[in-house]
Structures are given as structure tokens and as C-alpha cells.
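Coordinate inspection notes
Residues per chain are reported as follows:
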Amino acid sequence: MKSKLYTYLSVLLLVLLSITHGYSQNAQISGTVYDETGQPLPGATILVKGTTTGTTTDLDGKYSISSPANGTLVFSFIGYTATEIVVGNQTVIDVNLTPDLSDLEEVVVVGYGTAKKSQLTGAISSVGSKEIAELPITDARQALQGRAAGVDVTQPGSKPGSAPQVRIRGRRSFNASNEPLYVVDGIPLAGGIDDINPQDITSMEVLKDASATAIYGSRGSNGVVLITTKRGSVGKTIVSLDAYYGINKELGRIDVFNGPEFAEYKRESRRAGGEIPEGPTTPEIDASIFEPVELDGIAQGRTTDYPAGLLRNGSIQSYQLGISGGSDKTTFFVSGNYFKDEGVIINQDYTRYTFRANIDHKITKNIKFGTSTLVSYSERNGENFNPLGGALAENPLGRPYDDEGNLIFLPTQDGLRTNPFAEIVPGAQADLTKNYRIFNSIFAQYDILPGLSYRMVFGPDITISRNGRFTGSQTNARRGGAATGSVDDRFTFNYTFENILNYTKTFNDVHNINITGLQSIQRDRFEQSNISVLGIPAESQLFHRLGDASQITGANTNLVEWSLMSFMGRVNYDFKNKYLLTATLRADGSSRFGANNRFAYFPSVALGWNIHSESFMQNSSTFDQLKLRASYGSIGNQAINPYQTQALLGRTSYAYDNTAAFGYRPSTIGNPDLKWETSTTLNLGLDFAIWNSRIFGSLEYYITNTSDLLAPQPLPNSIGFGGFTTNIGETQNRGIELTISTLNVEKGNFTWSSDIIFTKNTEEIISLPNGDDISAGRFIGQPLTIFYDLKKIGIWQTSELDEAKSFGSVPGEIKIEDFNNDGVINSLDRQFLGSAVADFAMGFTNRFNFKGFDLSFFLYGRFGSMLRSQFHTQNNSLAGRYNNLDIDYWTPTNPTNSYPRPNVNQESAKYASSMEYFDGTFIKVRNINFGYNFSPEAAKKIGMTALRIYSSIQQPFIFANYRSEHKGIDPEVFIDGEQGVGGGVVNSNVSPAVTSFTFGINAKF
């Protein structure tokens, strides 16, 4: 009886357990998350609503998660609207997420942490991997141009391997660096980012105001660019292949005189010089001014196109293999990339090999560590080599080759002009720079208590570079003289070590606080050695056996060291996510300053108000976001060369008892009171999103005053020193920035969205210790650099003969404005002509999607700037000796006001510098990209999980008066002098603008 009872009870218990299990058992759900175009979305988050159970999609967009049948899955991804789906009896759930253009909850890197966009109080612009991938670029900085408000990125010409110049909210300093700080995976770099592969980058954040940059102290005085590289995610191992190949073509031919045009130009120069009579020429007249080879060229109608012989169709190519994946304990991202940019000028190219390994590992629940490792090797040919300028000047009537096809070193009898084709003979020139770099960001993190963590970061950065230069005998530089060679070796070791404490806590569900404390040290050691020689016995040795040369013309070594110690505290607080406060205090101590002013302190505070969270805005059908921001703070600049505070010695030569000897003398005046430049910024910002976030963006107004500027102060040469570095003057930058994104059309499978970036910055010198400094080109009330020269207002005409004579000129010469109306043209007639600082700049991006097809195009323009064209100075001498730009010059029968009459009796035209200044306004079509995304089913049939093919055109058009009317090359110029080119200057040897046609593939396996 008891056994039957036990049996019944056991059966009943099993039934109850089965029922209970049926209600509580979790089902395994799997599926794929797609974006709006149907492409898998890696890194999307899937969370069981109301629990902490969650996972992320792998690189194929696939996921797997356990959930009860009555559970709800929440699918989310940065920049997309979260989607909730009840599980029910489903085991496979695929989701298409739609873009949330307002990006209110997007998490961005802010420096030593992250923050939601809706909680930001500082001025920050962000550029993601999508924008970076749209352009086949050499340097990640190029992706910022026209994509981040307040960021001015310029890259003149097309020389492979040349770095763009970045200025954030204008220039502050005369002599210290205006370059922003680059922080890669948490490590501030002392060097550039040239070696970083753009395809490894997942996002770039630009910190602009004092509140955002103060956390980096003096290093962030010119703005900060935070670069985050790709990392692995939990899921199966994914292999990705990204490759493209393109052709580079010269964008328009540089127009110089052909043979017949040069002949007439030379005749006109002799008419003006009185060597031949006015009127038509005769064979006898030609014989008196042309040499035999030129007469032969005239007779045969010969035109030797020397520039064309130095130009070619270049190429650009990139091949990247990436592997990503991981488990709950360890995630990884590994990539290898080969990149090559072959310029349109022969012997100019840049090749880079990069390897990256980003690894994150959890040792225990509370301890994790990781590393970001970059190994890079690059080779650059032609950094200091460009024969194009010589080719433009070469006489087109000459003969470059004899009847047997041998090169003629002197095509004409002009001994200063050798054959430009001799520059590209194999072995005639060598200019090779090799660069090796190993950069690491190593971290370890310990979660001490809930909300309290300690993080240690160590970032060693090693760079080894060597430039070898060889110039053979049969080149224009040597003209048959002995060959020269040089080697320049450089070694840089920089490291950063940081200790970071972070505490986050929420009180009573309404008070959110985050506290960050930092102690940091950065040290840099730079070593250099170089040697140059004359008389290399065997030119095939190039620069590899300089010890065999007959003469050492120079030898030197150098060591430069500096260090920076910093302490920082930051507090972020918000109340109900409505009222936001950020306060920062940083102390920096730099070895570059003397003991009197080594440390400086930089505070900042920022406030934010999420107006849209207020009750009176809850029923608004217009605003989805409305936030006001205000910040005020100071940051310093210590970017001067080390040892400026010390009095240094220099070697000197003298005669000792009629014998040559060397000695040492004071070469600089030390300044132990040298102190930090300080920039104080007020920033007002408004973030908005309206009409269901179909239009969103931000508006910024800022004003920055920089005082105690670090600059050389000139001294009378009679005291034996030209000057010394001190703190002088004050500058101001003020401006407006506008960023707008719009969803113009969203209908069925078709979407059209736009991004507009507007930047206006006005820079001004507020004060100088002794008023205007004309010799240094600094004027109160003007930008930091201003073009101050005589102004050309036309050409003197024959009807103005008497007036021209009164100014010491004749018809056909440049007419200069008599600025002070004293009847004399001299230095007192110089005036402010313009500046390289643009009135404003704009970027305009449009994107179209239809089913699997996508199309985008990007326009960028700078308006209201002026450039100084040394290209015109060197190639527009109008002396009748060298070839010239094909310009409209004055003659008695062609009374133009464009350019003066050629004249053999001048090295260059009278008042020639007045012809250098041009309107620098331009609009460039930067990129047109067209692609097709295969459906997952189609990709799977060919063994892939995702596949996109695309074609793009980079810079197909440049609209600029400088090009269309004045025979210019590329109106895009550096703001500051850099890389051997002056600020606002078009170099005479700049590489021409190019158009690139690329074809690429993005595949995942």
C-alpha cells in the first residue's frame, strides 16, 4: 500500500516538475541582425529585457542567446533605433535595424572614458569608419576634411607620402606648434599618425573646446584627435578581405608655351629690349636671336613636351586581411595591410606595410588586460625630389635626344638648363626614406569595487628612420660636377605611463556622478646622426659607401630629450540626465621650461541642459532633442623646442697665430623665466534634433584668447645675437560651426540623406609688445600671417604713357596702386592684400541607398582665402630665356591687363611679386562612390557571408579661378609653413593635382 502511495506521489511530483520546467525552461534563440541595406551588422547588442543576459553579434551579424518563451529581446546598435521582439515559440529571429539619425545615445570616446552624446557638455565632432572607408586615403587625417566642423585639413598637391596639415579652430601661436594632439587607443603620441593604417580605425573624435581638451592639459592646447582602432568581439572567427586598386591621372595639363609660342615669346622679349625692331619677324632677325637648335626647331615646328616626359599614370592600391573573433575570456583583432601610392611624377612613390594585433583578455571577473600593437614599415621615394619645375622652364625648341636616341645633356646652349630627362635616368637621383615603427598601447584594469576601477596604461613608441640622398654628376644640380650623397639617421623612443582611477555611482536614481583621477608621465628621446659627402667614386654606390668619397662636407650628431609630468582630476555629474556638469583641473610640469615656471595649472568647467527632457517639452511634436551647452576653461602650450630656457654654445672658427682653429662662443640667450602659452576658451553650443530626427545637428560659437605667446624677440645684430625666445603678445580666434544631418527621403527601399559641415573662423593678433612688427609680418588686428605687399591694378597702356613715366614705368609694365597717393611707388605703398585663412569652409555629403545599391558624393570648399603662388614666380619670369606659363601677356597689339610684356633685360618682371597673389577660393568634388551589396543569400552561394563591390572617383573636378584663368595647379595650400612650403604658398615644385579611379571589394568569410 505504501509502495503504491510512493508511486503516485512520485508520478505527481514528476508531472509538477515537468509543468514547472515547461514554464521556466529557456529556449536557445539564434539569428542575424542586418542594417538598413540588408548587410550583416557586427557588434550589435541583444539583451533579454529586464535581465542582465545579453550578447553581441559576430562579424557576420549572427548571434545566439538563451531566453524564456515569454521573454522580450531588445536589439540595439550605435546609430540605430532599438527594436524589441517577443520570443514566443520562435527559435530563429532575424532583425533589420533602422538608422536613428539623431544618434542621441551613441557612445563616443571623450578622453579617459566614454559618454553618450546626449550627456556631452564639450564641443566634440566624430568621424566613423563609414566615412573613413569611403575614401582610399593614405593618412587618416584626410578623412577629417569637410567631415568635422572646426577642423581645417589641407594637403597641397599629390606627392605620395606627404602628410596633411590639421588646424582645429584656427592658429593660436606664432612660433610654437599649432598641430593638434593625436591619441591612439588612449596613448598620446609624440609623433604623427602617418604609419597608422586608416582601415584599422573604427572612429575618430575631435575634441575642440577647453572643457573637452583640458583633460589632456598642455598637450591638448591645439585640440585633440582621439583615434580608436578596431577590436574583436565574442563569436566565431571571421576573416575579412578589403582591397582596392586605382589609377592616378594628372588633373589637367600644366599649360606652358609650345615651340611656336615660345619662339614668338622670345621675339617679343627682344622687341621690348630693343634688340630687334617692332613688327613681323624675318629669317635674318630670327638668326640674330635664336641658336641653331632653336632655328631647327622652328623650321620643323618642333615642340618638346618635357613635363609630359616626366609624368605618368600613377596607381594607388591597398590589400588588407583581417581576422577577428573571440570567446567570453579573450577577443582579438589581427590585420595585415599592404598599401602603395605611385605618384604621377616618375620616382615619386610611397609604400607601407602594417601589422596590427589588438587583444583583450579577462584574467578573472575583476581583472583584465589588453594590448594594441602596431608594427609598420614604409618606404618613400622622392620626398625631396621633383624635376617638374625644371621641365616647365625648359626650352621646348631644344632636342632632348640625338638621332641615335641618346640623351643630350644640354638640349640648348644655355648652360644653366640641362635636360630634365637626365633627372630620371636610373641611378641619376636617389631619395629614399625608410621608416620603421613599433607602437604599443598596453593596459591592465582592476575593478576594485562596484563602480570603482583602477587602470594602468603603458605606451612605448619606437621609430627608426633613415633618409639616403644621392645626386649624380649628370643632373641639373651638379651639371657635370662630382656626385654628392648624404645619409640622415634618426631614432626616437617615446613612452607614456598613466595611472587612472575611475569611480561611477548613481544615488537615488537621479544623481549620477563619475570621478576620474590621473597621474601621467611622458618622456621622449630623439637621436640623430648625419653625414654628407662630395666626390663619390662609383655612382652605382649611391649613398651606401660614403666613406669612399673624396671629401666629407658635413657630419653631425644630436640628442634631444624632454619629459612631461601631469596630474588631473575630472568630475562629471548629472541630475536626472537633465542638468549636466563637467569640471576638470589639470597640472602639467614640462622640462622645456625653467624651474621658475615649470608647472602650470589648467581648469575648466562645462554645463549642459537637456531641455527636451523637461516636462514642458514632453508633448512637443517638433523637438526630439534640444540641449544647451556652455564651457569655459584654460589650456597651455609647451610645444617649443627643448633647451630654449638655457644659454647654449655654438662652434666658431678663428685664426690662431695665422692658423685656422675652432672655438666656442655663446650662440643663444637663455630665458629662465620662459613660461607657458595659455589659451582661454568660451564655448556655447546647441544640439538639436527635430521632426522625428529627420534633421539633427549642432551649432557652436567660440572665442579663444591666447596670451604669453612663445615667439622669438628680435635684437640688434650689433650685440651679437639675433634674438631670444620669450613670451609676447596675444591672439584671438572666434568662430561659428554648424553641423547638420538630414534624412531627405525615406520611401520603400530608397533613402537619401545629407551631411553639411560649415566652419567660420576669424583669427586676429590682439597685441604685440612693440606694436606692428613689419619685419616678422605681424600686424595688430590682422591674422597671424597676412600678405602685405604692393597691389597690382593692371598694366600700363600706351594711352597712359605720360602717367606711366611719372611713376618710372613704361607701357607694358605692371601698374601698382599708389596706396598713399604721394606720386611715388615704394615700400610705403604696401598694403594688406589678404590671408590664407578662409572666410569659411564647407563640406557637403549626400548618400543614396536603393535595395543593394549605394551612391555617395562628397564636396568640399574653402572660400575667401588668398594664396601666394611661387609657382607663378618661378614659371612666369617673362624674361624670354626660360619657358613660361602660357599666359596672356601684353604687347602693343594685345593691350591686356593680365600680365606684363616680356623683356630680355630683366631677370623677372618689374614688381613681379605683385603677380603672386590669387583668390584661393575653390570647390573640390572629393569623392564619388558607387557600390553594390550582395544579399546574404547570394554571398553565401560563393562562399562568403558578406560581399560588397564598389567603384569610386576621387577629385574628378576642381572649380577655382586660380586654375581656370591663371594656369595654376592646386589652390589648396597649407595655412602654416610646413614641409618646406611656406604658409599660404603654392610651391614652385608642387606635384600637380590628380584624379583617381578606384575599384574595390569588401568581403567576409
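Residues numbered from 1 in each chain as written. Predicted model: local features only at pLDDT ≥ 70, side-chain atom pairs only at ≥ 80, totals over all residues. Heavy atoms only, no water.

1. A few points about the overall build of the protein
So the rule is basically this: Each helix is a run of DSSP H or I of at least 4 residues and each strand a run of E of at least 2, with the numbering of both proceeding from the N terminus. Restricting the calculation to C-alpha atoms gives the radius of gyration, and the globule rule supplies 2.2 Å times the number of residues raised to the power 0.38. A contact between two residues is defined here by any heavy atoms of the two lying within 4.5 Å. Each accessible area is a Shrake-Rupley estimate made with a 1.4 Å probe; only the visible protein chains count as cover when residues are assessed. Counting rule applied: Lys, Arg positive; Asp, Glu negative; His and chain ends not counted. In this description, the location of a charge corresponds to atom NZ of lysine, CZ of arginine, CG of aspartate or CD of glutamate.
Looking only at helices and strands, the protein has twelve helices and 47 strands in total. Against the compact-globule benchmark of 30 Å for 1005 residues, the protein has a radius of gyration of 33 Å, which places it among compact chains. The C-alpha extent of the protein, read off along each of the three principal axes, is 140 × 65 × 65 Å. Intrachain contacts of the protein at a sequence separation of at least 6 include 68% that bridge at least 24 residues. Accessible surface, the protein: about 43,600 Å² in total, of which carbon and sulfur atoms supply 57%. Averaging the coordinates of the 85 positive side-chain charges in the protein and doing the same for the 100 negative ones gives two points 8 Å apart.

2. Quick look at helix α6 (residues 292–300)
Selection rule: Only protein chains enter the calculation, and the probe is 1.4 Å; a residue is then buried if its accessible area is under 20% of its type maximum, exposed if over 50%, and partly exposed in between. When we speak of the arc, we mean the arc of directions from the helix axis to the C-beta atoms.
Here α6 has its buried residues at Val-293, Glu-294 and Gly-297. Buried positions in α6, seen along its axis, are confined to an arc of 100 degrees and lie on one side of it. Turned more than 90 degrees from where α6 packs its buried face, Pro-292 and Ala-299 sit exposed. Against α4 (259–272) and α5 (283–289) lie the buried residues of α6. Immediately beyond the C-terminal end of α6, within one or two residues, lies Gly-301, with a positive phi of roughly 65 degrees.

3. Here we look at the sheet that holds strand β1 (residues 26–34)
Applicable threshold: A pair of strands counts as paired when DSSP detects no fewer than two bridges linking them.
As summarised here, the arrangement of the three strands in space is β4-β1-β7, forming an open sheet in which the pairing is mixed. Two strands close off the open sheet at either side, each with one partner strand: β4 (62–68) and β7 (95–96).

4. Here's the deal with unusual backbone geometry
Non-glycine residue Asn-692 carries a positive phi angle of around 55 degrees. If you trace the backbone, Asn-692 turns up in the loop between β32 (677–690) and β33 (695–714). With a phi close to 55 degrees, Asp-708 is a non-glycine residue in the positive phi region. On the secondary structure map, Asp-708 appears in strand β33. A residue is classified by how much of its surface remains accessible, and Asp-708, at 26% relative accessible area, is partly exposed.

5. Notes on the pairing of strand β40 (residues 840–850)
When strand β35 (residues 750–767) meets β40, the two strands line up antiparallel, connected through ten bridges. Bridge assignment links Ile-757 to a residue of β40, and that residue is Gly-843. The sheet contact formed by β40 and strand β41 (residues 853–863) spans eleven bridges and is antiparallel. What sits directly across from Phe-840, in β41, is Phe-863. The antiparallel hairpin formed by β40 and β41 contains two residues in its connecting segment, where Lys-851 sits at a positive phi of about 50 degrees.

6. Concerning the nonpolar core
This is how it is decided: Working definition of a nonpolar core: buried Ala, Val, Leu, Ile, Met, Phe, Trp, Tyr and Cys residues. They are joined through side-chain atoms within 4.5 Å.
Of all hydrophobic cores here, the largest spans 41 residues; its most connected members are Ile-254, Phe-871 and Val-986. Listed by contribution, the elements that provide at least two residues to this core are α4, α5, α8 (388–393) and β38 (814–816). Of all the elements, α4 adds the most residues to this core, at three residues. Among residues more than four places away in sequence, those in contact with Val-986 are Leu-867, Arg-868, Ser-869, Gln-870, Phe-871, Tyr-962, Asp-970 and Val-973. Within the second largest apolar cluster, 39 residues are counted, among which are Ile-137, Ile-187, Ala-212 and Met-568.

7. Regarding the sheet that holds strand β46 (residues 985–986)
Across a sheet, strands are paired by hydrogen bonds formed along the backbone, either parallel or antiparallel in direction. If you walk across this open sheet you meet the three strands as β43-β42-β46, and the pairing is mixed. In this open sheet, the two strands that pair with only one neighbour each are β43 (917–919) and β46. Here two bridges tie strand β42 (residues 866–869) to β46, and the two strands are oriented parallel to one another. Residue pairing for β46: Arg-868 is matched across the bridge by Val-985.

8. Concerning the environment of Asn-903
To keep it simple, the criterion reads: N or O atoms closer than or at 3.5 Å make up a polar contact, with two conditions inside protein: a donor-capable atom paired with an acceptor-capable one, and, for residues adjacent in sequence, both atoms drawn from side chains.
Within the secondary structure, Asn-903 is located in the loop between α10 (870–874) and β43. Counting along the chain gives 633 residues from Asn-903 to Arg-270, while the straight-line C-alpha distance between them is 6.5 Å. When residues no more than four places from it in sequence are discounted, the contact partners of Asn-903 are Ser-269, Ala-272, Gly-273, Leu-878 and Ala-879. For Asn-903, the side chain forms a polar contact with the main-chain nitrogen of Asn-905, separated by 2.9 Å.

9. Quick word on the pattern of salt bridges
Inclusion rule: When a carboxyl oxygen of Asp or Glu lies within 4 Å of a side-chain nitrogen of Lys or Arg, that pair is called a salt bridge.
Evaluated as defined, the whole model comprises 52 salt bridges. Close ionic contact of Arg-490 with Asp-488 constitutes a salt bridge, the shortest N to O distance being 3.1 Å. You can call Asp-488 buried: its relative accessible area is 17%. Across the salt bridge formed by Arg-734 and Glu-764, the nearest N and O atoms sit 3.2 Å from each other. With Arg-734 in strand β34 (residues 723–747) and Glu-764 in strand β35, the pair connects residues that are 30 residues apart, well separated along the chain. Among the residues examined, Arg-734 registers a relative accessible area of 29% and is labelled partly exposed. Here the salt bridges share partners, and the residues they tie into one network are Asp-139, Arg-141, Arg-167, Arg-171, Glu-179, Asp-194, Glu-763 and Asp-976.

10. As for the packing of aromatic side chains
To be explicit about the condition: Stacked, edge-to-face and tilted labels apply to pairs of Phe, Tyr and Trp rings (six-membered ring for Trp) whose centres lie within 6.5 Å, assigned for plane angles under 30 degrees, over 60, and everything in between, in that order. Two conditions define a charge sitting above a ring: the NZ of Lys or the CZ of Arg must be within 6 Å of the ring centre, and it must be within 35 degrees of the ring normal.
Counted under the stated rule, the structure contains 33 aromatic pairs. With a centroid separation of 5.4 Å and an interplanar angle of 50 degrees, the aromatic rings of Phe-787 and Tyr-917 are classed as tilted. Of this pair, Phe-787 sits in strand β36 (residues 787–789) while Tyr-917 sits in strand β43, placing them 130 residues apart in sequence. In terms of burial, Phe-787 and Tyr-917 fall into one category: buried. Chaining the aromatic ring pairs together yields one cluster made of Tyr-319, Tyr-338, Tyr-353, Tyr-377 and Tyr-436. Against the face of Phe-858 rests Arg-147, its NZ or CZ located 4.2 Å from the ring centre.

11. Some details on the confidence of the model for the protein
Rules: pLDDT measures the predictor's confidence residue by residue and takes values from 0 up to 100.
Averaged over all residues, the pLDDT of the protein is 88; the fraction at 70 or higher stands at 96%. pLDDT under 50 marks residues 1–24. Its contacts with residues more than four places away, or in other chains, come to zero contacts.

12. Focus on a nonpolar patch on the surface
Keep this limit in mind: Only residues whose relative accessible area exceeds 30% and that form no salt bridge enter a patch; like-charged residues are grouped when within 9 Å of one another, and nonpolar side chains (Val, Leu, Ile, Met, Phe, Trp, Tyr) when within 5 Å.
There is a patch of nonpolar side chains on the surface, built from Leu-581, Val-605, Leu-607, Tyr-632, Leu-682, Leu-684, Leu-699, Tyr-701 and Ile-736 and spanning about 740 Å² of accessible area. Looking at the secondary structure, you find Leu-607 in strand β28 (residues 599–610).

13. Focus on α4
Here is the rule we go by: In this analysis, the expected span of each helix is defined as 1.5 Å times one less than the number of residues it contains.
Over its 14 residues, α4 runs 20 Å from end to end, which matches the ideal 20 Å to within 8%, given 1.5 Å per residue. The buried fraction of α4 amounts to ten of the 14 residues, a majority that puts the element mostly inside the structure. Among all positions of α4, only Gly-259, Phe-262, Ala-263, Tyr-265, Lys-266, Arg-267, Glu-268, Ser-269, Arg-270 and Arg-271 are buried. Here the buried face of α4 lies against α5 and α6. Where α4 begins, the capping side chain belongs to Asn-258, and its oxygen is found 2.9 Å from the backbone nitrogen of Glu-261.

14. Here's the deal with the pairing of β32
Of all the 14 residues making up β32, ten are buried; the element is thus mostly covered by neighbouring parts of the structure. In terms of strand pairing, strand β29 (residues 623–637) meets β32 through 14 bridges, oriented antiparallel. Each residue of the ladder has a partner; that of Leu-628, found in β32, is Leu-686. Here 13 bridges tie β32 to β33, and the two strands are oriented antiparallel to one another. Looking at the pairing, Thr-678 lines up with Ser-707 of β33. Where β32 folds back onto β33 in an antiparallel hairpin, the turn is made up of four residues, including Trp-691, whose phi is positive at roughly 55 degrees.

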